Amino acid sequence: MPPPIPLPAGLTTRPLTTADAPAVFEVMAASELADLGEVVIEEADIVADWQRPSYDLATRSLGVLDGDRLVASAELTHPGRADVSVHPDVRGRGIGTALAGWVHATARGLGASVVGQEVPEGSPGDRLLASLGCTVRWTSWVLRLPPDRPVPARPLPEGYVVRAATAGEREQVWTVAEDAFLEWSVREREPLDDFGATVWERPGFEPWHLRVAVDPDGAVAAVASLHLDGHTAYVDKLATRADRRHRGLAQALLADGSAVARSHGASGLELSTDSRTGALDLYRKIGMETTSVWVHRSADLTGPD
């Protein structure tokens, strides 16, 4: 087990539990509001991640408490990927540095050779990780389509249909998405049950959230997974089978998802992409605008502790 972390007097630590989801959300939301001027995290994001069968909160999370109040948290959501957040009220006291040490020790214990986290570019978290020697591996952008700007229509190839996915197509959805993501993401394939925990088992999921483009043979050729955050529809996953690309399926799914979301009360469309995918120009071409920039900073764990 990683050693106890050094913290200011009066603060205590313990592993997180599922009952901490609202408190963790509050810490993350306060941090994002301070750094970005808006909140992009949802409590459902946290719950969905925590309910993955492979994730063990007891060994891969740590909460920092001031009395009964949670003021910071750290998680190894995957062996090489962390989420650390410190409430703005308690920044500057060494809590983030201590949690970074816990993350590195815990990730080493899980056999990871590198561990990183996405933080808003130029934020206190970005500066802290840079001071600890963490380097930028990739850049991510959150993009938003203005409410008065529809996604340009893209005709489907003959015989293709865009619609809501059926329950019987969920394994195909998982295969298409994971095959596409693993072309540029260096990680193990996510198990179907873990994938489902963050998609069709995510709190608030409705069948219309999961969209597919089906080819003339009835096979899933492209997928889009949506969820609503207030009046904004967020495209969480968008992927096309390698042998069905360059036919406009991704843009057709975005147009479809935007229209369906608007019919359910959404007024805007958001998604994120990063520099590993090469998709930024596609989203800008259809009129999406960058609302925030994030960097993935990581530490090499192969050297001495």
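Attention here is on the structure that accompanies the text. (Residues numbered from 1 in each chain as written. Predicted model: local features only at pLDDT ≥ 70, side-chain atom pairs only at ≥ 80, totals over all residues. Heavy atoms only, no water.)

## Regarding the overall build of the chain
Here is step 1: The secondary structure content of the chain amounts to nine helices and 12 strands.
Here is step 2: Once the C-alpha set of the chain is aligned to its principal axes, its extents read approximately 65 × 40 × 35 Å.
Here is step 3: Looking at the chain as a whole, 49% of its 305 residues are labelled buried.
Here is step 4: By sequence separation, contacts in the chain at least 24 residues apart represent 71% of the contacts at least 6 residues apart.
Here is step 5: As displayed, the chain has an accessible area near 14,000 Å², and 52% of this comes from carbon and sulfur atoms.
Here is step 6: Treating the 29 positive side-chain charges of the chain as one cloud and the 43 negative ones as another, the clouds have centres 4 Å apart. (Helix = DSSP H or I, 4+ residues; strand = E, 2+ residues; numbered from the N terminus. Buried < 20%, exposed > 50% of the residue type's maximum accessible area, 1.4 Å probe, protein only. Contact = heavy atoms within 4.5 Å. Areas by Shrake-Rupley, 256 points an atom, 1.4 Å probe, with all protein chains shown as cover. Lys, Arg positive; Asp, Glu negative; His and termini not counted. Charge placed at Lys NZ, Arg CZ, Asp CG, Glu CD.)

## So, helix α4 (residues 95–109)
Here is step 1: Taking 1.5 Å of rise per residue, the 15 residues of α4 would be expected to cover 21 Å, and the 21 Å separating its terminal C-alpha atoms lies within 8% of that figure.
Here is step 2: Within α4 the residues assigned to the buried category are Ile 95, Gly 96, Ala 98, Leu 99, Ala 100, Trp 102, Val 103, His 104, Thr 106 and Ala 107.
Here is step 3: Looking one or two places after α4, you find Gly 111, whose phi comes out positive at around 90 degrees. (Expected span 1.5 Å × (residues − 1).)

## A word on the side chain of Glu 75
Here is step 1: Mapped onto the secondary structure, Glu 75 falls in strand β3 (residues 69–78).
Here is step 2: Buried charge Glu 75 goes without a salt bridge, the closest partner of opposite sign being Arg 52 at 6.6 Å.
Here is step 3: A polar contact is formed between the side chain of Glu 75 and the side chain of Trp 50, at a distance of 2.7 Å.
Here is step 4: In this view, Glu 75 contacts Leu 16, Val 24, Met 28, Trp 50, Tyr 55, Arg 60, Ser 61, Arg 81, Ala 82, Asp 83 and Trp 102; residues no more than four positions away in its chain are not counted. (Salt bridge = Lys/Arg side-chain N within 4 Å of Asp/Glu carboxyl O. Polar contact = N/O pair within 3.5 Å; in protein donor to acceptor, adjacent residues only side chain to side chain.)

## Describing the packing of aromatic side chains
Here is step 1: By the definition in use, this model includes two aromatic pairs.
Here is step 2: One residue, Arg 189, lies across the ring of Trp 174, its end atom 5.8 Å from the ring centre. (Phe/Tyr/Trp six-rings, centres within 6.5 Å; stacked < 30°, edge-to-face > 60°. Lys NZ or Arg CZ within 6 Å of the ring centre and 35° of its normal.)

## Observations concerning the pattern of salt bridges
Here is step 1: Under the criterion given, the structure shown has 22 salt bridges.
Here is step 2: Look at the salt bridges and you will find they share partners, linking Asp 215, Arg 241, Asp 243 and Arg 244 into a network.

## Here's the deal with the nonpolar core
Here is step 1: Of all hydrophobic cores here, the largest spans 30 residues; its most connected members are Leu 238, Leu 254 and Tyr 283.
Here is step 2: At the level of secondary structure, the elements contributing two or more residues to this core comprise β6 (135–145), β9 (220–229), β10 (232–240), α8 (249–263), β11 (268–274) and α9 (280–285).
Here is step 3: Sort the elements by how many residues they give to this core and α8 lands first, with seven residues.
Here is step 4: Apart from the residues within four sequence positions on either side, Leu 238 is in contact with Phe 181, Val 223, Ala 224, Ala 250, Leu 253, Leu 254 and Tyr 283.
Here is step 5: If you look at the next biggest cluster of nonpolar residues, it comprises 25 residues, including Ala 72, Val 86, Ala 98 and Cys 134. (Core = buried A, V, L, I, M, F, W, Y, C linked by side-chain atoms within 4.5 Å.)

## A short note on the environment of Leu 249
Here is step 1: On the secondary structure map, Leu 249 appears in helix α8.
Here is step 2: Between the C-alpha atoms of Leu 249 and Pro 79, which are 170 residues apart in sequence, the distance is 33 Å.
Here is step 3: Not counting the four nearest positions on each side in its chain, Leu 249 is found in contact with Leu 156, Pro 157, Tyr 160, Ala 213, Ala 221, Ala 222, Thr 240 and Arg 244.

## Overview of the side chain of Thr 77
Here is step 1: Locating Thr 77 in the fold gives a position in strand β3.
Here is step 2: Ignoring any residue separated from it by four or fewer positions in sequence, one finds Thr 77 in contact with Asp 49, Arg 52, Tyr 55, Arg 60 and Asp 83.

## Notes on the packing of helix α1 (residues 21–36) against helix α2 (residues 43–50)
Here is step 1: Look at α1 against α2: their axes get within 9 Å of each other, and the N-to-C directions meet at 130 degrees. By the angle between their axes, α1 is oblique relative to α2. α2 is crossed by α1, and the crossing has right-handed handedness. Contacts from Ala 21, Pro 22, Val 24, Phe 25 and Met 28 of α1 reach α2 at Glu 43, Ile 46, Val 47 and Trp 50.
Here is step 2: Along the lines of polarity and charge, the residues of the contact of α1 with α2 split into eight nonpolar, no polar and one charged. (Axes fitted to C-alpha atoms, helices over the stretch in contact; angles between N-to-C directions. Parallel < 35°, antiparallel > 145°, perpendicular 65-115°, else oblique. Left-handed = near helix turned anticlockwise from the far one by under 90°. Nonpolar A, V, L, I, M, F, W, Y, C, P; charged D, E, K, R; others polar.)

## Things to note about the pairing of strand β5 (residues 114–120)
Here is step 1: Of all the seven residues making up β5, five are buried; the element is thus mostly covered by neighbouring parts of the structure.
Here is step 2: Two strands pair when backbone bridges link them, and β5 and strand β12 (residues 289–300) are joined in this way by seven bridges, in the antiparallel orientation. Bridge pairing in β12 places Pro 120 opposite Trp 294. (Pairing = 2+ DSSP bridges.)

## Comments concerning α2
Here is step 1: Every buried residue belonging to α2 is among Ala 44, Ile 46, Ala 48, Asp 49 and Trp 50, and all of these are buried.
Here is step 2: On its buried face, α2 sits against α1, α3 (57–60), β3 and α7 (192–198).

## Some points on unusual backbone geometry
Here is step 1: With a phi close to 65 degrees, His 246 is a non-glycine residue in the positive phi region.
Here is step 2: Turning to its location among the elements, His 246 is positioned in the loop between β10 and α8.

## Here we look at the environment of Arg 69
Here is step 1: Inspection of the secondary structure puts Arg 69 in strand β3.
Here is step 2: C-alpha of Arg 69 to C-alpha of Leu 11: the two residues are 58 residues apart in sequence and 9.8 Å apart in space.
Here is step 3: A distance of 3.2 Å separates the side chain of Arg 69 from the side chain of Asp 89, its partner in a polar contact.

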